[in-house]
Amino acid sequence: MSKFFKCFAMLVFLAGCEAKDENLSQMVITTADGDVIYMVETADTQEEMSQGLMNRKQLRADSGMIFDINGAQGISMWMKDTYIPLDMLFVNQKGEIVWIYGNATPLSTTLIKPDVTEPLAAVIEINAGDVQKHNIKVGDTVKHEVIK
């Protein structure tokens, strides 16, 4: 009986993990050093974009969040209620990184505004230090389903 219970508990646990992973999609950043693959959550509703990565205490390696801002101009971000230091990548509609903000300060309410005038397709949040670790630069390209 206890073997059955252990197997059942493991199946319930795995089913829970699988459901969470269904919300992830692959994103590829092509750098001068090669491709970097991330598994990201997509924020594409107003509620998801407002929530972002707030109130989380950690972010798995090579994961992050992509905000589908679909051609918005004058976008700004902040770190209110965000405990994880982040690097932010601002991506145009061609999939090119046009501005990078590194090591955003957790819990800061200072607005982060990209110094660009063109419409953006997405903002990507990844763990602070990943930009340096993977040699991500302005001009590198991003492939993800939200960038058309």
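Relevant structure appears above.
One structure accompanies this document, and this report is about it. Starting from 1, residues in each chain are numbered consecutively following that chain's sequence as written. At least 70 in pLDDT is required for a residue's local features to be given in this predicted model, at least 80 for side-chain atom pairs to be given and counted, and no such filter applies to totals for whole chains, interfaces and linings, which use all residues. Think of the side-chain values as coming from all heavy atoms in the structure, minus any hydrogens and water.

**A closer look at the overall build of the protein**
As a reminder of what qualifies: Helix and strand definitions follow DSSP, with helices as H or I runs of at least four residues and strands as E runs of at least two, each counted in order from the N terminus. Classification of residues uses two cut-offs on accessible area relative to the type maximum, computed with a 1.4 Å probe and protein chains only: under 20% is buried, over 50% is exposed, and between them is partly exposed. Only heavy atoms matter for contacts: two residues are in contact if any of them lie within 4.5 Å across the pair. Surface accessibility in these figures is a Shrake-Rupley result with a 1.4 Å probe; residues are shielded only by whichever protein chains are displayed.
Tallying secondary structure elements over the protein gives 3 helices and 7 strands in all. Helices (α) and strands (β) of the protein occur, in sequence order from the N terminus, as α-β-β-α-β-β-β-β-α-β. Here the protein, with 148 residues, has 39% of them falling under the buried criterion. Put simply, of all contacts in the protein between residues at least 6 apart along the chain, 69% involve residues at least 24 apart. For the protein, the exposed surface amounts to about 8,900 Å²; the carbon and sulfur share of it is 54%.

**Description of the pattern of salt bridges**
Selection rule: When a carboxyl oxygen of Asp or Glu is within 4 Å of a side-chain nitrogen of Lys or Arg, the pair counts as a salt bridge.
Within this structure, the stated rule accounts for 2 salt bridges. Salt-bridge contacts for E41 lead to R56; the nearest nitrogen and oxygen are separated by 2.6 Å. One end of the pair, E41, is in strand β2 (residues 34-43); the other, R56, is in the loop between α2 (46-51) and β3 (63-72), and 15 residues separate them in sequence. Judged by relative accessible area, E41 falls into the partly exposed class, the value being 22%. For K80, the salt bridge identified is with D81, shortest N-O distance 3.0 Å. Overall, the relative accessible area of 31% leaves K80 in the partly exposed class.

**Observations concerning the packing of aromatic side chains**
Operational definition: In this scheme Phe, Tyr and Trp rings, the latter by its six-membered ring, pair at centre separations within 6.5 Å, and the angle between planes marks the pair as stacked below 30 degrees, edge-to-face above 60, and tilted otherwise. Placement of a positive charge over a ring is assigned whenever Lys NZ or Arg CZ falls within 6 Å of the ring centre and within 35 degrees of the normal to the ring plane.
Counting across every chain of the model gives 2 aromatic pairs. Taking the centre distance of 5.3 Å and the plane angle of 65° together, the rings of F90 and W99 count as edge-to-face. Since its relative accessible area comes to 0%, F90 is described here as buried. Summarising the aromatic geometry, the rings of W99 and Y101 are spaced 6.1 Å apart at their centres and angled 35° between planes, so their arrangement reads as tilted. For Y101, a relative accessible area of 31% corresponds to the partly exposed category. Among the aromatic residues, ring-to-ring pairing joins F90, W99 and Y101 into one connected group. Taking NZ or CZ as reference, K57 lies 3.6 Å from the ring centre of Y83, over its face.

**What to know about a negative patch on the surface**
The condition that has to hold: Candidates for patches are residues over 30% relative accessible area with no salt bridge; among them, like charges are joined within 9 Å and nonpolar side chains (Val, Leu, Ile, Met, Phe, Trp, Tyr) within 5 Å. Counted charges follow a simple rule, with Lys and Arg positive, Asp and Glu negative, and His plus the chain ends left uncounted. Note on charges: their place is set at NZ of Lys, CZ of Arg, CG of Asp or CD of Glu.
On the surface, D44, E47, E48 and E145 cluster together to form a negatively charged patch. Note that E47 resides in helix α2.

**Topic: unusual backbone geometry**
Here N55, not a glycine, exhibits a phi torsion of approximately 70°, which is positive. By the element assignment, N55 lies in the loop between α2 and β3. On the accessibility criterion, N55 (47% relative accessible area) is partly exposed. At N70, a residue that is not glycine, the phi angle is positive and equals roughly 45°. Tracing the backbone shows N70 in strand β3. A relative accessible area of 65% places N70 in the exposed class.

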